[in-house]
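Understanding the architecture of this molecule
What follows is the residue order along each chain.
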Amino acid sequence: MKLWNRASGNLKDRNSIWMASMSRRSPNRNPDLEAAIIRATSHDETYVDYRNAQRVFAWVKTSPAYLKPLIWALSKRMEKTRSWVVALKGLMLMHGVFCCKIPIMEKIGRLPFDLSNFSDGHSHLCKTWGFNSFIRSYFAFLDQRAFWLDMDTKEDEEQTQKTNESMLQELIKLQQWQTLLDMLLQIKPEAAQMNVGLILEAMDCIIIEIFDIYSRICNGVARILVKIHAAGKVEANMALKVLRKATAQGDRLSLYFELCQNLGVRNASKFSKVEKIPQEDIRELEQIINGVLEDKAIVVRQKGSIEEGKGTEGSPKTVISKKWERFDEQLRGNKEGIGAPDGGKMIVAQNPSTATCNSRPHDQPLPDLITGLFPPAQILENVQ
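To keep things clear, this report deals only with the structure shown in the data block. Note that this is a predicted model, so its numbers are computed, not measured.

With that settled, the discussion passes to a nonpolar patch on the surface. A contiguous nonpolar patch, built from W18, M19 and M22 and spanning about 390 Å² of accessible area, is present on the exposed surface. For W18, the location among the structural elements is in helix α1 (residues 2-21). You can call W18 exposed: its relative accessible area is 54%.

This is the structure in C-alpha cells:
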C-alpha cells in the first residue's frame, strides 16, 4: 500500500507539473514558479526538496510581483490536496515566505487557503488523526501570525525604545505575542506513529519560532518591569496578568522542550533550562498595584548576578527583585551549528549563528529564521 501511495503521489506531482508548464504566463500565473512550488510540496514524505523551496523564496525576494502568482499556485494546491504530506510541506513553505520579511506580506491579512478542518483522505482516520491535528494546529498558528504580521516586520527593539512607545501599547503587544506562543505550543505530535522525518523537520521550524517569540516576550517583560512605578493601575493590572502568563508559559515550555528532546528534534537540544519568575516578584507586583509598595528597586545588570558567585560573567541578565533572571543568554559562536548531522539525515546550516535557538542580547538582531527553516540548498542533506 505504501509503494502504491508513493507511486500514485509521484504520478500526481508529474501531472501537476506538466499542466503548470502548459499554462500561459500572466500577472497571476508563473509556470516556472508553479513547478517549483509543486516540487517543494511533493507527495513524497521521505524527501524534502529544499532546493526548490529556496528558489521560491528567491523569487519572492526579487520582486513583489511574484507574490501574487505564489499565493495563487500554493492556494490552489492546498485547497485540492487530501494528503497530509503535501499540506504540511505547503505550511512549511508558507512559513518560510513569512520569514523572508517582505513588507508587502503585511497586507496579506490571513492565509489565502483554509486547512482548519483538514483531514487526510488516503488512509484510515485511526492512522492519520495525529497528522490531521498537527496540520490544523500549524495552520491556526500561521493564520494568526499572518494577521499579526506587521508586529514581526515592524518590531525592532532599538526603534521601540526611541519612539517612546506607551506602556499600554507594549502590554497589548506582549499579550499578542503570548497568544501566538500558546498556539505554537499546541503544535506537537500526539500519536505514536508520528516520529517520522518530515514531522521532525516541521518541529525544527516550530522550535525556532518559539525561540523568537519567547525571547521577544522576555525582553518586553523586562522593559515593562523597569518602568512599572510610573504605570497607572490599569497598566499595572495588565502587567500582572502578563507576568502570571509568562510564568505559566515558562512551565509549559519546559515540558514542551522535554517532549521535543525525547522525540529527537535537533533544535530543542539548543535550549538551556527555562528560567522561572519567582512567586515573590508576583506578590511584590500585586503590592505595587495595591499601593502598598513604593519605589520598588528593579535593577538591570549587564553582567553576572546580584547574588555574589552565582552569575556567569559576560552573560546578559535582567534581575528583578534580585532573583528573576530574564530568559537571555549569549548567542553561541559560529562554531556551533543548528544541529549535528544524524546519520546523514539532518540538515546543517552553513551560518549557524543566524539560526540557533538561543536568546539574544538586546543589541543583537533576531535570528534569520529563513536560514533555520530552509538552509541553502547546496549544503543540505535531504531527509531519507
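That covers the picture; the talk isn't over yet.
Here helix α10 (residues 197-226) crosses helix α11 (residues 233-263) at 155°, and the two axes come no closer than 11 Å. With respect to their mutual orientation, α10 and α11 come out roughly antiparallel. Our pair here, α10 against α11, has a crossing hand that is left-handed. Across the interface between the two elements, L200, M203, I206, I207, I210, Y214, I217, V221, I224 and L225 from α10 touch A239, V242, L243, A246, Q249, G250, L253, Y256, F257, C260 and L263 from α11.

A separate point is the packing of aromatic side chains. The geometry of an aromatic ring pair is captured by the separation of the ring centres together with the interplanar angle, meaning the angle of the planes. Applying the stated criterion across every chain, the model contains 4 aromatic pairs. Relative to F139, the ring of F113 lies with its centre 6.3 Å away and its plane at 40°, an arrangement referred to as tilted. Linking F113 in the loop between α5 (84-99) and α6 (125-147) with F139 in helix α6, this pair joins segments that are 26 residues apart in sequence. The exposure class assigned to F113 is buried, which follows from its relative accessible area of 4%. Here F139 falls in the buried class, since its relative accessible area comes to 6%. Ring plane angle 85° and centroid distance 6.4 Å describe the contact between F134 and Y138, whose orientation is recorded as edge-to-face. Taken together, the residues span about one helical turn, with F134 and Y138 both in helix α6 at a distance of 4 residues. The residues F134 and Y138 share a single accessibility class, namely buried. When the ring centre of F147 is taken as origin, the NZ or CZ atom of R110, which lies over that ring, is 4.5 Å away.

Criteria and cut-off values
Residues numbered from 1 in each chain as written. Predicted model: local features only at pLDDT ≥ 70, side-chain atom pairs only at ≥ 80, totals over all residues. Heavy atoms only, no water. Patch = residues over 30% accessible without salt bridge, like charges linked within 9 Å, V, L, I, M, F, W, Y side chains within 5 Å. Areas by Shrake-Rupley, 256 points an atom, 1.4 Å probe, with all protein chains shown as cover. Salt bridge = Lys/Arg side-chain N within 4 Å of Asp/Glu carboxyl O. Helix = DSSP H or I, 4+ residues; strand = E, 2+ residues; numbered from the N terminus. Buried < 20%, exposed > 50% of the residue type's maximum accessible area, 1.4 Å probe, protein only. Axes fitted to C-alpha atoms, helices over the stretch in contact; angles between N-to-C directions. Parallel < 35°, antiparallel > 145°, perpendicular 65-115°, else oblique. Left-handed = near helix turned anticlockwise from the far one by under 90°. Contact = heavy atoms within 4.5 Å. Phe/Tyr/Trp six-rings, centres within 6.5 Å; stacked < 30°, edge-to-face > 60°. Lys NZ or Arg CZ within 6 Å of the ring centre and 35° of its normal.

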